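Chain by chain, the residues:
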Amino acid sequence: MSLAALLGLGACASTPDAEQARICRRALPTLVPAGSRVAVLREAAGPQERSIRIDFSQERDGRSPLPRYAICQFSGMSRTDLSGLTSDRGPLGGAALYLLKHYYLDTPDAALAEPGAG
């Protein structure tokens, strides 16, 4: 196999699933304090199978942007079932993850707050 073909396979393997990336982006505003803005810097495959890593900055007026990251893990049952969320501040607990999934991610508010959409 040629080097170009191997590099092409590597690029495909590291491209995150678009729907998983959307779900993960929608969770980002919940990881920052109220009044902060989120700017997506990079989306890539995460460290585990069925995971996505998003590097982002947390921005507040009068302060330097703070580099942050989130890793969203998806279950094997459904490619869009968020099964875990870890940020640079640690993992999201079970109850918080349940509330995020069932009462926020699919709401109009989450769609409006989604950073990096489009």
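Reference entry: report on the structure contained in this document. Note that this is a predicted model, so its numbers are computed, not measured.

## Topic: the overall build of the protein chain
So, point 1. The helix and strand tally for the protein chain stands at 4 helices and 5 strands.
So, point 2. The N-to-C order of helical and strand elements in the protein chain reads α-α-β-β-β-β-β-α-α.
So, point 3. Expressed as a percentage of the 118 residues in the protein chain, the buried residues total 35%.
So, point 4. Carbon together with sulfur atoms contributes 56% to the accessible area of the protein chain, which is approximately 7000 Å² in total.

## Quick notes on the sheet that holds strand 5 (residues 90-91)
So, point 1. Reading across from one edge, 1-2-3-4-5 is the order of the 5 strands in this open sheet, with antiparallel pairing throughout. Edge positions in the open sheet fall to strand 1 (37-45) and strand 5, since each of these has one partner strand only.
So, point 2. In this structure, strand 4 (residues 82-87) lies alongside strand 5, joined through 2 bridges in antiparallel fashion. When the bridges of strand 5 are listed, Ser87 appears paired with Gly90.
So, point 3. In the packing of helix 2 (residues 18-27) onto the sheet, contacts are made with strand 1, strand 2 (51-59), strand 3 (66-74) and strand 4, and the angle to strand 2 comes to roughly 35 degrees.

## Points about a nonpolar patch on the surface
So, point 1. A cluster of nonpolar side chains, Tyr98, Leu99 and Tyr103, forms an exposed patch at the surface whose accessible area comes to about 360 Å².
So, point 2. Among the residues examined, Tyr103 registers a relative accessible area of 56% and is labelled exposed.

## Points about the state of the cysteines
So, point 1. In total, this model carries 1 disulfide according to the counting rule given.
So, point 2. With its sulfur 2.0 Å from that of its partner, Cys24 forms a disulfide with Cys72. On the S-S bond that ties Cys24 to Cys72, the torsion sits near 85 degrees, and the link is right-handed. Note that Cys24 is positioned in helix 2 and Cys72 in strand 3, a separation of 48 residues in sequence.

## Brief notes about the nonpolar core
So, point 1. With 21 residues, the main nonpolar core has Leu28, Leu82, Leu85, Leu100 and Leu105 as its most contacted residues.
So, point 2. Elements with a contribution of two residues or more to this core: helix 2, strand 2, strand 3, strand 4 and helix 3 (94-103).
So, point 3. Sort the elements by how many residues they give to this core and helix 2 lands first, with 4 residues.
So, point 4. Leu82 has contacts with Ile23, Cys72, Gln73, Phe74, Leu97, Leu100, Lys101 and Leu105, leaving out every residue within four places of it along the chain.

Conventions adopted
Residues numbered from 1 in each chain as written. Predicted model: local features only at pLDDT ≥ 70, side-chain atom pairs only at ≥ 80, totals over all residues. Heavy atoms only, no water. Helix = DSSP H or I, 4+ residues; strand = E, 2+ residues; numbered from the N terminus. Buried < 20%, exposed > 50% of the residue type's maximum accessible area, 1.4 Å probe, protein only. Areas by Shrake-Rupley, 256 points an atom, 1.4 Å probe, with all protein chains shown as cover. Pairing = 2+ DSSP bridges. Contact = heavy atoms within 4.5 Å. Axes fitted to C-alpha atoms, helices over the stretch in contact; angles between N-to-C directions. Patch = residues over 30% accessible without salt bridge, like charges linked within 9 Å, V, L, I, M, F, W, Y side chains within 5 Å. Salt bridge = Lys/Arg side-chain N within 4 Å of Asp/Glu carboxyl O. Disulfide = S-S within 2.5 Å. Core = buried A, V, L, I, M, F, W, Y, C linked by side-chain atoms within 4.5 Å.

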